[in-house]
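Residues per chain are reported as follows:
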Amino acid sequence: MPSTCFPIESRSMTAWQPRNHPVEAIAFDCDGLLVDTETCWTAAEATIMARHGWEFTPEIKARFIGTTIDWTVARMAEWFDRVGEEAAIKAELTDTVAQIIADQAEAMPGALDLVRAVHGKLPVAVVSNSERRLVELALTHGGLADAFEVIVPAESVAHGKPAPDLYLRACELLGVAPSRTLAFEDSLVGVNAAKAAGVTVVGVPTVGQDGFAPDHLLTTLADPGLQAWARGLRG
């Protein structure tokens, strides 16, 4: 069943209230969390859908958000009656989104300040269901290209989010146990992946999704309490 999409404002949000547990590393999602590429993906997906006579509805977007590109392409191939042509659809989609990211991508509110505040104090990683070239392109255009010790893209593991593999790999590369890592995610898929890996997760949703249940819930990375917490960290 597709996830229900609804306005974020209709959901109750909590203030930043970190639990008393050690945080020795931080893992960030990229698309829609650090960099406003979710709008780029939406535009690219809508373009591809329209070329094949499909309307790109909020319900379809809710199904796509946070998933792997291979999962998205597989659904498109089924809907377009082009099963067996996934490689061509994937190339069309990635080329389209790469151009839009290069033209439009910007850092999300609070992202630059948050990353700068934690940089050099804790090891940080980007954990993404996107391919490395798209992650690096997004980070570059968001002004975050040199901010991360580790980038764990989709091709790093056999199973992307919501499986825990990407987060487990990130923790391995960071040299920090999942229980001592803090994740930031904007999607249901990402939140479930982090929790499956045993990582405490802060949710900052791009759109509302049924079942979205992070350990902490914020409306923005610019949250004053979160920013103050980051500035107060000691390296």
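Small disclaimer: the values here were computed from a predicted structure and weren't measured. (Residues numbered from 1 in each chain as written. Predicted model: local features only at pLDDT ≥ 70, side-chain atom pairs only at ≥ 80, totals over all residues. Heavy atoms only, no water.)

**Student:** What is the right way to read the side chain of Ser128 from this model?
**Tutor:** Note on placement: Ser128 falls in the loop between strand S3 (124-127) and helix H6 (132-141). From its side chain, Ser128 meets the backbone nitrogen of Ser130 in a polar contact 2.9 Å long. Setting aside chain neighbours within four positions, we find Ser128 in contact with Asp29, Cys30, Asp31, Val135, Val152, Pro153, Ala154, Lys161 and Leu166. (Helix = DSSP H or I, 4+ residues; strand = E, 2+ residues; numbered from the N terminus. Polar contact = N/O pair within 3.5 Å; in protein donor to acceptor, adjacent residues only side chain to side chain. Contact = heavy atoms within 4.5 Å.)

**Student:** How do you make sense of the packing of helix H1 (residues 38-51) against helix H3 (residues 69-79) when you look at a structure like this?
**Tutor:** Taken N-terminus to C-terminus, the directions of H1 and H3 make an angle of 20 degrees; their axes are 12 Å apart at the nearest point. Judged on the interaxial angle alone, H3 and H1 are roughly parallel. In the crossing of H1 with H3, the sense of the turn from one axis to the other is right-handed. Counted together, Trp41, Glu45, Ile48 and Met49 of H1 and Ile69, Met76 and Trp79 of H3 form the full contact between these two elements. Here the contact of H1 with H3 is composed, by residue class, of six nonpolar, no polar and one charged. (Axes fitted to C-alpha atoms, helices over the stretch in contact; angles between N-to-C directions. Parallel < 35°, antiparallel > 145°, perpendicular 65-115°, else oblique. Left-handed = near helix turned anticlockwise from the far one by under 90°. Nonpolar A, V, L, I, M, F, W, Y, C, P; charged D, E, K, R; others polar.)

**Student:** What should I look at first to understand the sheet that holds strand S5 (residues 181-185) in this one?
**Tutor:** Sheet strands pair via backbone hydrogen bonds, and the direction of the pair is either parallel or antiparallel. Pairing is parallel across the open sheet formed by six strands, whose spatial order is S4-S3-S2-S5-S6-S8. Both edges of this open sheet fall to strand S4 (150-152) and strand S8 (216-217), since each of them pairs with a single strand only. Looking at chain direction, strand S2 (residues 25-28) and S5 are connected through four bridges and run parallel. Bridge pairing in S5 places Phe28 opposite Phe184. (Pairing = 2+ DSSP bridges.)

**Student:** How should I be thinking about helix H9 (residues 224-231) in this particular structure?
**Tutor:** One turn of an α-helix holds 3.6 residues; hence residues three or four places apart share an orientation. Of the positions making up H9, those classed as buried are Leu226, Gln227, Trp229 and Ala230. Projected onto a plane normal to the axis of H9, the buried residues spread over an arc of 160 degrees and lie on a single side. What points out from H9, more than 90 degrees from its buried face, is the exposed set Pro224 and Arg231. Looking at the packing, one finds that the buried side of H9 touches S2, helix H5 (111-118) and S5. Measuring from the backbone nitrogen of Gly225 back to the side-chain oxygen at the start of H9 gives 3.0 Å, which picks out Asp223 as the cap. (Buried < 20%, exposed > 50% of the residue type's maximum accessible area, 1.4 Å probe, protein only. Arc of directions from axis to C-beta.)

**Student:** How should the nonpolar core be read in this particular structure?
**Tutor:** Soluble, globular proteins show a tendency: their nonpolar side chains are buried together. Judged by nonpolar contacts, the single largest core of 53 residues is most densely connected at Ile26, Phe28, Leu34, Leu139, Phe148, Phe184 and Leu221. Counting residues per element, this core draws most heavily on helix H4 (residues 86-104), which supplies six residues. Ignoring any residue separated from it by four or fewer positions in sequence, one finds Phe148 in contact with Phe28, Leu34, Val115, Val124, Ala125, Val126 and Leu139. Within the second largest apolar cluster, 23 residues are counted, among which are Ala125, Cys171, Leu174 and Ala183. (Core = buried A, V, L, I, M, F, W, Y, C linked by side-chain atoms within 4.5 Å.)

**Student:** Even after reading the chapter, I still don't get the packing of aromatic side chains, so can you show me in this structure?
**Tutor:** Geometry of an aromatic ring pair is reported as the spacing of the ring centres plus the angle between the planes. According to the stated counting rule, one finds six aromatic pairs in the structure shown. Ring plane angle 35 degrees and centroid distance 6.0 Å describe the contact between Phe56 and Phe64, whose orientation is recorded as tilted. Assigned by exposure class, Phe56 and Phe64 land together as buried. For the ring pair Phe64 and Trp71, a centre distance of 6.4 Å and an interplane angle of 85 degrees mean the geometry is edge-to-face. (Phe/Tyr/Trp six-rings, centres within 6.5 Å; stacked < 30°, edge-to-face > 60°.)

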